[in-house]
Amino acid sequence: MSVPKVEAFARALRGEVVTSVRTASAAKVASRVSTLGEAFDDIESARTEAARIKDEVLDRLRDLLLEFEARATARRIQVHWASDAAEANRVVLEICRRVAEPGAIVAKAKSMATEEIGLNSALEGAGFRPIETDLGEYVVQIDGDHPSHIVTPIIHKNRVDVARSFVREGLGPYTEDPAELTMQARAKLRDVFRQASVGVSGANFLIAETGRIVLVENEGNNRFSTTAPRVHIAVAGIEKLLPSERELPLFLKLLAGSATGQRLTTYVHLISGPREANDPDGPEEVHVIFLDNGRTRVLEGRYREILRCIRCGACLNVCPVYRQVSGHAYRHVYSGPIGAVLAPALEGIDAIGDLAKASTLCGACEEVCPVKIPIPRMLLELRDEAARAGLGKRDIPWKRFATLAGSELLWRAGLTLLPIARKLPSALGREWAQKREMPMREGRSFREWWRERS
Amino acid sequence: MLTCLCDAFYGEVGIATVEVLQRIGCRVEFPAEQTCCGQPPFNAGDWAASRAVAERCRTVFELDDPASVVVTPSSSCAAMLREGYAMLFPDWTLRAQVFEFGEFLVRHRGIVEWPGRLRREEPIRAVYHRACHGRGLHLGDLHERLLGTVEGIEWVGLPQAEQCCGFGGAFSATHPKVSTGIGMEKLAQVATTGAEMLVSGDMGCLMHLKGLLSRQHSPIEVRHFAQVLAEAQ
């Protein structure tokens, strides 16, 4: 039996990583529950309302995008359209080449969209110096690693890992104290903000009615990255729109509560455009790059509701599989339950559809999702689609199982033979029995009992 | 509906289910031609094989008949009939009333107390594991509430109760490292409670956890919800 990729990754994973992920995830699950319970009188109806709003956005996406473009342009925000990663990177590079010297620093605020398009390597390839300014993303970058979680990129590392990296980078004397480590990074990053010519961010929400960009964060690095450099570029998936700012309170509360167990993030930015003549500071240019990169195709298909996602990461934290395997097992920028659907929806099931099978279908993800994405149903549909496309090895001969279950006689014969069959060598039995005893008949047979008494 | 696992291994759970149903005055039938509901191939993505099995199940249990009441000691099988079949057969409507066993007792029959005492010398300390398929069926804590009225058991809350046991059907064999890792995590939470008995409403979860427990020679007793009710006299 071939070993599925997620399982193989888990087998090779260090125990400390599992401990780090499990501890942090469990803490976030607990704080999410208590915060959302306090923040909403009725969290169920809040989630239903949020799902309805996102569905409305998806239904009216074309109109809302054009509305955003018109309103943002009126605010002197320049709107660009990118059909794929290469196009998005090209737009960023064109702007950088126009406004910055070769080798200039590009301050990066945390953004999954720029991870998705591989912006850092595109910038480096063109001779610029992108520097991640979110603490977690900064650690990821100096380690040459990848974020393993949508919200907490270094959930797979512990403080000793970070301490060693900082000493290696010459950021200061060795310390395992999180506050001191933060101060070391802060000293380094302050210079980055002063020197950067361009700041790149993502966007948590884009408001169609007002043309404003909404960013949430806790560290203040987004504020610096989007105001200190001369130019601010926001890269965002086309699904990130909200119709108006009236919906914003609901979504800000749901996002903060679901992602980090906060009533509200420390900072909420509503970016209205480049600096005005009398403004003391702010960028001279603001750009929004709308990224399609497969989303239009997803919008028209079976997994449309996955585009409701607001990237809170709650489904990762609660997922028992994610906790055992960590985000890197998913081989994609989007990991955990959301990644197991979004990655194959964007990249194709032939490329990465195996992720859908790495799930117990427990449904905890759907239960916590602030926009009620039916992830388990989608995982089942992905499995069906993969099977019909002839993808993936079939470990169990289901056709034969169906024949057996198609006749009372065969079924009962199968049950009678089971005590013998379980002693026969089989790949599945071997895998089961590595850490578990094989099940055996306990007590009376129901069928015999029923026959005797009637 | 007996379920495959009770048909193959855990006949006592089926017997306990029937005994409890009869004790509350139900007339129980057991269509002997029943086999499987089709969930294993459905979860594996082989919907063609699953449809074949499910179609048979629709006939055997007369699922087109609103007068038909199906009770099964597994939220997994109940969810398959109520939710899975809707995906397998988009043009078909379930007309029969299908209940998970605890759901039938509490929601359909309005039983909120189970007068009886466990036949043990000392009260036993126990935890309840909520099977994941109860989520979609919105079963909540109904099993725990009913079990809480049985005398002779000291119930303790299970931390991180929302976490799965790691079974996941075929997943348990295709992803054994992940599956047993999740299971061990569940048992670590059980251990923090000092429980002597682990109860759940699904033999899938319990078969997996039992397999892990007996490999560790753990003395923790594993019981199905129906067995606890049947034992309480």
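Counting of residues starts from 1 at the beginning of each chain's written sequence and follows it residue by residue. Written order determines the labels here, with chains lettered from A and ligands numbered from 1. Under the rules for a predicted model, residues below a pLDDT of 70 receive no local features and side-chain atom pairs below 80 are neither given nor counted, while totals for whole chains, interfaces and linings still include all residues.

**Concerning the overall build of chain A**
- Counting from the N terminus, the helices are the DSSP runs of H or I reaching at least four residues and the strands are the DSSP runs of E reaching at least two. Scanning chain A for helices and strands turns up 23 helices and ten strands.
- The globule rule used here is 2.2 Å times the number of residues to the 0.38 power, and the radius of gyration it is set against is calculated over C-alpha atoms. By the compact-globule yardstick of 22 Å for 454 residues, chain A fits well, its C-alpha radius of gyration being 25 Å.
- For chain A, the spread of C-alpha atoms along the three principal axes comes to 95 × 55 × 45 Å.
- Across the 454 residues that make up chain A, the buried fraction comes to 47%.
- Throughout, a pair of residues is in contact if the C-beta atoms placed from their backbones lie within 7 Å. Long-range pairs, those at least 24 residues apart, make up 74% of the contacts in chain A between residues at least 6 apart in sequence. Note on burial: count the other C-beta atoms lying within 10 Å of the residue's C-beta; 20 or more is buried, 12 or fewer is exposed, in between is partly exposed, and C-beta positions come from the backbone.

**Some remarks on the overall build of chain B**
- Broken down by element type, chain B carries eleven helices and six strands.
- For 233 residues, the compact-globule formula gives about 17 Å, and the C-alpha radius of gyration of chain B, at 17 Å, lands near that figure.
- Here the C-alpha coordinates of chain B stretch approximately 50 × 45 × 30 Å along the principal axes.
- Of all intrachain contacts in chain B linking residues separated by at least 6 positions in sequence, the fraction that spans at least 24 positions is 76%.

**Some points on helix α16 (residues 336-347) of chain A**
Residue and element names in this part refer to chain A.
- Between its first and last C-alpha atoms α16 spans 16 Å; for twelve residues at 1.5 Å apiece the expected length is 16 Å, and the two agree.
- With eleven of its twelve residues buried, α16 lies for the most part within the structure.
- For α16, the set of buried residues is Gly336, Pro337, Ile338, Gly339, Ala340, Val341, Leu342, Ala343, Pro344, Ala345 and Leu346.
- At its buried positions, α16 is contacted by α13 (295-299), α14 (314-318), α15 (320-325), α17 (349-352), α18 (364-368) and α19 (375-388).
- Gly348 sits one or two positions beyond α16 and adopts a positive phi of about 105°. Residue count minus one, scaled by 1.5 Å, sets the expected span of a helix.

**Some details on the domain arrangement of chain B**
Residues and elements named next belong to chain B.
- In terms of domains, chain B is made up of domain 1 (4-108) and domain 2 (124-231).
- Here the bounds of each domain stem from an automatic or database domain assignment. A C-alpha centroid distance of 21 Å is found between domain 1 and domain 2.
- If you look at the interface, domain 1 gives 26 residues, while domain 2 gives 22 residues.
- Ten residues, namely Ala, Val, Leu, Ile, Met, Phe, Trp, Tyr, Cys and Pro, are considered nonpolar, four, namely Asp, Glu, Lys and Arg, are considered charged, and the remaining ones, Gly among them, are considered polar. For the side of domain 1 that touches domain 2, the residue count by class is 14 nonpolar, six polar and six charged.

**Remarks on the domain arrangement of chain A**
- Domain annotation of chain A identifies domain 1 (15-145 + 189-295) and domain 2 (408-453).
- Taken over C-alpha atoms, the centre of domain 1 of chain A sits 55 Å from the centre of domain 2 of chain A.

**A look at the sheet that holds strand β6 (residues 221-224) of chain B**
Residues and elements named next belong to chain B.
- DSSP calls a pair of strands paired once it identifies at least 2 bridges connecting them. Read across the sheet, four strands follow the order β4-β3-β5-β6 without closing on themselves; strand pairing throughout is parallel. Looking along the sheet, the strands with just one partner apiece sit at the ends: β4 (153-155) and β6. This sheet shows a mean twist of 35° between the axes of neighbouring strands, independent of strand direction.
- Direction of pairing for strand β5 (residues 197-200) relative to β6: parallel, over a ladder of four bridges. If you follow Val199 over to β6, its bridge partner there is Arg223.
- All axes here are fitted lines through C-alpha atoms, helices being fitted over the stretch that makes contact, and every angle between N-to-C directions spans 0 to 180 degrees. Each of β3 (124-129), β5 and β6 is contacted by helix α10 (residues 203-215), which is oriented at about 170° to β6, the strand it contacts most.

**Considerations on the confidence of the model for chain B**
- As a per-residue quantity, pLDDT reports the predictor's confidence and falls between 0 and 100. Per-chain confidence: chain B averages 97 in pLDDT, with 100% of residues scoring 70 or above.
- Here the predicted complex carries an ipTM of 0.97, next to a pTM of 0.96.

**Some details on the interface of chain A and chain B**
- Each partner contributes to the interface: chain A provides 53 residues, whereas chain B provides 55 residues.
- Secondary-structure elements contributing two or more residues to the side of chain A that touches chain B are α1 (5-12), α15, α18, α19, α20 (398-405), α21 (408-421), α22 (427-433) and α23 (446-453) of chain A.
- Its residues assigned to classes, the side of chain A that touches chain B comprises 30 nonpolar, seven polar and 16 charged.

**Description of the pairing of strand β7 (residues 231-237) of chain A**
Residue and element names in this part refer to chain A.
- Most of β7 sits inside the fold, with seven of its seven residues counted as buried.
- Summarising the sheet, strand β4 (residues 198-201) and β7 pair through four bridges and their orientation is parallel. Across the sheet, Val198 pairs through a bridge with Val231, a residue of β7.

**Some thoughts on the packing of α20 of chain A against helix α4 (residues 47-60) of chain B**
- The interhelical angle for the contact between α20 of chain A and α4 of chain B, taken along N-to-C directions, is 5°, at an axis separation of 9 Å. Relative to α4 of chain B, α20 of chain A is oriented roughly parallel. Seen from α20 of chain A, the contacting residues are Trp398, Lys399, Phe401, Ala402 and Ala405 of chain A; seen from α4 of chain B, they are Ala49, Ala52 and Val53 of chain B.
- Partitioning the contact of α20 of chain A with α4 of chain B into residue classes produces seven nonpolar, no polar and one charged. For classification purposes, angles smaller than 35 degrees are called roughly parallel, those larger than 145 roughly antiparallel, those between 65 and 115 roughly perpendicular, and all remaining angles oblique.

**Overview of the pairing of strand β10 (residues 285-291) of chain A**
All names here are of chain A.
- Within β10, six of the seven residues are buried, which leaves the element mostly enclosed by the surrounding structure.
- Here six bridges tie strand β1 (residues 77-82) to β10, and the two strands are oriented parallel to one another. Residue pairing in the sheet places Gln78 in a bridge with His287 of β10.

**Here we look at helix α9 (residues 176-193) of chain B**
Residue and element names in this part refer to chain B.
- Between its first and last C-alpha, α9 extends 26 Å over 18 residues, near the 26 Å set by a 1.5 Å rise per residue.
- Here α9 has its buried residues at Pro176, Lys177, Val178, Ser179, Thr180, Gly181, Ile182, Gly183, Glu185, Lys186 and Val190.
- Just downstream of α9, Gly194 is the residue with a positive phi angle, here 70°.

**Focus: the sheet that holds strand β2 (residues 105-108) of chain A**
Residue and element names in this part refer to chain A.
- Here we have six strands laid out as an open sheet, ordered β1-β10-β7-β4-β2-β3, and parallel in their pairing. Since the sheet does not close on itself, it has two edges, and those belong to β1 and β3 (129-132), each with one partner. Neighbour-to-neighbour, the strand axes of this sheet turn through a mean angle of 25°, independent of strand direction.
- Sheet topology places β7 next to β10; seven bridges connect them, and they run parallel. Its bridge partner being in β10, Ala236 is matched across the sheet by Phe290.

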